[in-house]
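A closer look at the structure
Next come the chains, spelled out residue by residue.
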Amino acid sequence: MFDSATVRELLQRGIDNVWCTLEHLDHPSDGYCRLQAEVSRHIIPELRDMQLKPYVNLLRDLKPPVRVEASPSPRDFAPAVDPEFDF
């Protein structure tokens, strides 16, 4: 499978190089539409009921990534305990 961030970068590169527009990406491809039609009229009933993933334009659905703040643990700053040795 592809990472969605990588797919977004590829789609953005296509728009930057004027291979397509953002509006073109709002509509599913011909292959997706054909697959949907083939699945809906398949001989096997179980396959007819199969649902494809809904089409989504990944560049329109930009959600801010979840950022995890890394903060030091209080244990990291605890003073070291020097054991007393009696030699």
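Residues numbered from 1 in each chain as written. Predicted model: local features only at pLDDT ≥ 70, side-chain atom pairs only at ≥ 80, totals over all residues. Heavy atoms only, no water.

Digging into the overall build of the protein chain
Test applied: Each helix is a run of H or I in the DSSP string that is no shorter than four residues. Each strand is a run of E no shorter than two, and both are numbered from the N terminus. We call two residues in contact when some of their heavy atoms are within 4.5 Å. Working definition of accessibility: Shrake-Rupley area with a 1.4 Å probe, residue cover restricted to the visible protein chains.
Counting its secondary structure elements, the protein chain contains three helices and zero strands. What you see in the protein chain, going N to C, is helices and strands ordered as α-α-α. Here the contacts in the protein chain between residues at least 6 apart in sequence split such that 54% fall between residues at least 24 apart. By element, 59% of the accessible surface of the protein chain is carried by carbon and sulfur atoms, the whole surface being about 8,400 Å².

Here we look at a nonpolar patch on the surface
Heads up, the condition is: Patch membership is restricted to residues that have no salt bridge and whose relative accessible area is over 30%. Joining uses 9 Å for like charges and 5 Å for the nonpolar side chains Val, Leu, Ile, Met, Phe, Trp and Tyr. The term salt bridge refers to a side-chain nitrogen of Lys or Arg lying within 4 Å of a carboxyl oxygen of Asp or Glu.
Residues I43, I44, L47 and M50 make up a contiguous nonpolar surface patch of roughly 370 Å² in combined accessible area. Within the secondary structure layout, L47 lies in helix 3 (residues 45-48).

Concerning helix 1 (residues 4-16)
Cut-off, in case you're wondering: An expected span of 1.5 Å times one less than the residue number is assigned to each helix.
Helix length check: helix 1 (13 residues) gives 18 Å between terminal C-alpha atoms against 18 Å at 1.5 Å per residue, within 8%. Following helix 1 by one or two positions, V18 has its phi on the positive side, about 60 degrees.

Thoughts on the pattern of salt bridges
Counted under the stated rule, the structure contains three salt bridges. Put simply, E23 and R60 hold a salt bridge, and the shortest N to O gap is 3.7 Å. Here E23 is found in the loop between helix 1 and helix 2 (30-40), whereas its partner R60 is found in the segment after helix 3, with 37 residues between them in sequence. Residues D26 and R60 are paired through a salt bridge, measuring 3.0 Å at the closest nitrogen-oxygen approach. Note that D26 is positioned in the loop between helix 1 and helix 2 and R60 in the segment after helix 3, a separation of 34 residues in sequence.

What to know about the packing of aromatic side chains
Note the cut-off: Two rings belonging to Phe, Tyr or Trp (six-membered ring only in the last case) form a pair when the distance between their centres is within 6.5 Å. Interplanar angles under 30 degrees mark stacking, angles over 60 mark edge-to-face geometry, and anything in between is tilted.
All told, the structure shown has one aromatic pair when counted by the stated rule. For the pair Y32 and Y55, a centre-to-centre distance of 6.0 Å together with 55 degrees between the ring planes defines the contact as tilted. Separated by 23 residues along the polypeptide, Y32 in helix 2 and Y55 in the segment after helix 3 bring together distant segments of the chain.

As for the side chain of N57
The condition is simple: Here a polar contact means two N or O atoms within 3.5 Å. Within protein one must be a hydrogen donor candidate and the other an acceptor candidate, and residues neighboring in sequence count only if both atoms are side-chain atoms.
Following the sequence through the fold, N57 ends up in the segment after helix 3. A distance of 3.5 Å separates a polar atom in the side chain of N57 from the backbone oxygen of L22. Within the structure, the side chain of N57 is placed 3.1 Å from the backbone nitrogen of L59, a separation counted as a polar contact.

Details of the confidence of the model for the protein chain
Applied cut-off: pLDDT gives the predictor's per-residue confidence on a scale running from 0 to 100.
In this model, the protein chain carries a mean pLDDT of 82, and residues with pLDDT of at least 70 account for 84%. Within the protein chain, the element-level pLDDT minimum falls on helix 3, averaging 82, and the maximum on helix 2, averaging 91.

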